[in-house]
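Breakdown of the fold
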Amino acid sequence: TASHDKTTRLWDAKTGKLITTLHGHSDYVWSASFSPDGQTIVTGSGDNTARVWDVKTGQLLTTLQGHSAWGISASFSPEGRYIVTGSGDNTARVWDAKTGQLRLTLQGHSHYVESASFSPDGQSIVTASKDKTARVWDARSGQLLTTLYGHSDSVWSASYSPDGRSIVTASQDKTTRVWDAKPGQLLTDRKS
């Protein structure tokens, strides 16, 4: 779990017992995600970094540095080779999960990037922003593929369906929208 006390806690899902606490961030920890193989965890923090941890030992493996504002979200690509981070510096960045080397910077949002995640095939990335849009990017080149317009307030999260054909967005405007992932066309609009 992510925490405001600058730590991340790993819990046993069956027993609810605390396994370990990861210390190292110097500000709030906003997000935590497992790698697909379950061997590592990535955390995003208000200290402008994301960190990769070994699950078994709790050891810090690498620190992803380069954002100029807090890291709001961090998640692995489907095969676990890359990590995408979203930040208060209005960018998302793609990193090598083992070395921590920056691969791509996704620029174009005019406000915070609240979430960023890979498609199930790892070929694209969707970002959600306080600028009222979600954007779809090519994960290899960083090229903007489409912008999802329609929300009237901050878009807090965006993610792909398991088959990669749809994207769901959730917004402060009290709606959830489902989009066709390829052309970015709105499929459904639900008010909460």
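Residues numbered from 1 in each chain as written. Predicted model: local features only at pLDDT ≥ 70, side-chain atom pairs only at ≥ 80, totals over all residues. Heavy atoms only, no water.

Turning to the pairing of strand 8 (residues 82-87), a few remarks are in order. Of all 6 residues making up strand 8, 6 are buried, and the element is well covered by its neighbours. With 5 bridges connecting them, strand 7 (residues 71-76) and strand 8 associate as antiparallel partners. When the sheet's bridge partners are listed, Ser73 is paired in strand 8 with Gly86. From the end of strand 7 to the start of strand 8, which pair antiparallel, there are 5 residues, and Gly80 there has a positive phi angle of about 85 degrees. (Buried < 20%, exposed > 50% of the residue type's maximum accessible area, 1.4 Å probe, protein only. Helix = DSSP H or I, 4+ residues; strand = E, 2+ residues; numbered from the N terminus. Pairing = 2+ DSSP bridges.)

The next point concerns the layout of surface pockets. Considered as a void within the structure, the largest pocket measures approximately 240 Å³ in volume. Forming the walls of the largest pocket are 14 residues, and the residues nearest its centre are Ser124, Tyr160, Gly164, Ala181 and Lys182. Class assignment for the residues of the lining of the largest pocket results in 5 nonpolar, 4 polar and 5 charged. Taken as a whole, the second largest pocket holds about 210 Å³ of empty space. Looking at the second largest pocket, it is lined by 13 residues, and the ones nearest its centre are Thr40, Phe76, Gly80, Ala97 and Lys98. Residues that form the lining of the second largest pocket fall into these classes: 5 nonpolar, 4 polar and 4 charged. (1 Å grid on protein atoms, 1.4 Å probe; cavity = no way out; pocket = protein on both sides within 12 Å on 5 of 7 lines; lining within 4 Å. Points joined across faces, edges and corners; volume = space filled by probe spheres on them. Nonpolar A, V, L, I, M, F, W, Y, C, P; charged D, E, K, R; others polar.)

A few words now on the sheet that holds strand 10 (residues 102-107). Here 4 strands make up an open sheet; going across it, the order is 7-8-9-10 and the pairing antiparallel. The sheet is open, and its two borders are formed by strand 7 and strand 10, each paired with just one other strand. Each adjacent strand pair in this sheet contributes to an overall mean axis angle of 20 degrees, direction not counted. Strand direction decides the pairing type here: strand 9 (residues 91-96) and strand 10, joined by 5 bridges, are antiparallel. (Axes fitted to C-alpha atoms, helices over the stretch in contact; angles between N-to-C directions.)

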